[in-house]
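These are the residues of each chain, in order.
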Amino acid sequence: MNRLAPALLASIALLALPALAQNKPAADKKIYCWDEGGRKVCGDALPADAVDNARTEFSASGMATRHLDRAPTDAERVELEALAEQERVAAAAVAARERRELAMVESYASEADLREAYQHRIGLLETAVKTSLLSIDGLRDSLVTLLRRAGEAELSGKAVAKPLLANIQRQHQVLRRQQALLQEQRHAHAAADEGLAAALERYRELKKPGTDGQG
């Protein structure tokens with residue numbers, strides 16, 4: 001293999017194309033110039049260890065015919081695959097939304113029907129929020145009673161009984177879980193309100209004459 005390593009000889013390799021092409025028909029002869037450790041190396045054959053390097057291919061006449069970027073590293077390949085997966089998931093989400101919108105148009109004969117369906121869900125969420133508030137009030141009262149008992153024991157110079165301490169901890173954990181559930185329910189309620197407004201707007205768009213969702 002004729003290989004010219006120094007970067008300065010890259011241009012000489014191009015000037016010497018007729019000589020390098022003596023052993024092959026001019027139409028088939030190629031010259032490769034690739035990056036190797038920060039240097040440009042040119043030759044009439046591409047070594048196996050340079051297959052993944054960035055390179056430019058030249059015809060026998062000295063014209064650049066193709067440029068190839070370097071192959072991605074393993075880390076870059078993983079990143080590219082992750083990006084492709086994100087794009088696939090996003091595309092699937094868009095397709096699913098379009099199917100839901102089409103089903104919405106086909107399922108509800110009027111805005112009133114659509115609004116009624118959402119209001120039913122919103123009503124259930126409102127009931128859940130009220131139930132959680134009542135439960136939290138009860139748990140707080142119970143916890144205050146337990147803490148009062150523990151405080152009275154300490155004030156009287158007695159040790160707080162282990163069962164009482166365990167009950168206080170358990171009651172506090174239950175209260176925190178119920179408070180977290182209440183937050184989720186309130187978020188769901190707000191999302192349902194926003195969803196109703198968005199669904200009505202989209203429903204009207206799809207029901208306009210000339211749209212695919214025209215009933």
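Before reading further, recall that the structure is shown in the block above.
Residues numbered from 1 in each chain as written. Predicted model: local features only at pLDDT ≥ 70, side-chain atom pairs only at ≥ 80, totals over all residues. Heavy atoms only, no water.

Visitor: Sorry, what's going on with the overall build of the chain here?
Guide: Regarding its fold elements, the chain presents five helices and five strands. When the elements of the chain are put in sequence order from the N terminus, they spell out β-α-α-β-β-β-β-α-α-α. When burial is assessed residue by residue, the chain has 25% of its 215 residues classed as buried. Nonlocal contacts in the chain, meaning residues at least 24 apart in sequence, comprise 55% of its contacts between residues at least 6 apart. Total accessible area on the chain stands at roughly 14,700 Å², and carbon and sulfur atoms take up 56% of it. (Helix = DSSP H or I, 4+ residues; strand = E, 2+ residues; numbered from the N terminus. Buried < 20%, exposed > 50% of the residue type's maximum accessible area, 1.4 Å probe, protein only. Contact = heavy atoms within 4.5 Å. Areas by Shrake-Rupley, 256 points an atom, 1.4 Å probe, with all protein chains shown as cover.)

Visitor: Quick question: what am I supposed to make of the pattern of salt bridges here?
Guide: Oppositely charged side chains can pair when the atoms bearing their charge come close. Counted according to the given criterion, the structure contains seven salt bridges. For Arg39, the salt bridge identified is with Glu36, shortest N-O distance 3.6 Å. One salt bridge in this structure joins Glu57 and Arg66, with 2.9 Å as the shortest N-O distance. With relative accessibility at 3%, the residue Glu57 sits in the buried group. If you follow the salt bridges from partner to partner, you end up with Lys30, Arg55, Glu57 and Arg66 in one network. (Salt bridge = Lys/Arg side-chain N within 4 Å of Asp/Glu carboxyl O.)

Visitor: Got a minute to help me understand the nonpolar core in this structure?
Guide: Among the nonpolar cores identified, the biggest contains 12 residues, and these are Val129, Ile136, Leu139, Leu143, Leu146, Ala150, Ala153, Val160, Leu164, Ile168, Leu175 and Leu182. Of all the secondary structure elements, the ones that give two or more residues to this core are helix 4 (111-155) and helix 5 (162-206). A total of seven residues in this core trace back to one element, the largest contributor, which is helix 4. Setting aside chain neighbours within four positions, we find Leu175 in contact with Ile136, Leu139, Arg140 and Leu143. (Core = buried A, V, L, I, M, F, W, Y, C linked by side-chain atoms within 4.5 Å.)

Visitor: Can you walk me through helix 4 in this structure?
Guide: Helical geometry: 3.6 residues make up each α-helical turn, so side chains three or four residues apart lie on a common side. End to end, helix 4 covers 65 Å across 45 residues, agreeing with the expected 66 Å (1.5 Å per residue, within 8%). Among all positions in helix 4, only Leu114, Ile122, Leu125, Val129, Ser132, Ile136, Leu139, Leu143, Leu146, Ala150 and Ala153 are buried. Positioned one or two residues after helix 4, Gly157 has a phi angle of 85 degrees, which is positive. (Expected span 1.5 Å × (residues − 1).)

Visitor: What is the right way to read the pairing of strand 5 (residues 64-68) from this model?
Guide: Working note: regular strand, side chains alternate between the two faces of the sheet. Pairing analysis gives four bridges linking strand 4 (residues 55-59) to strand 5, with the strands arranged antiparallel. Residue pairing in the sheet places Thr56 in a bridge with His67 of strand 5. (Pairing = 2+ DSSP bridges.)

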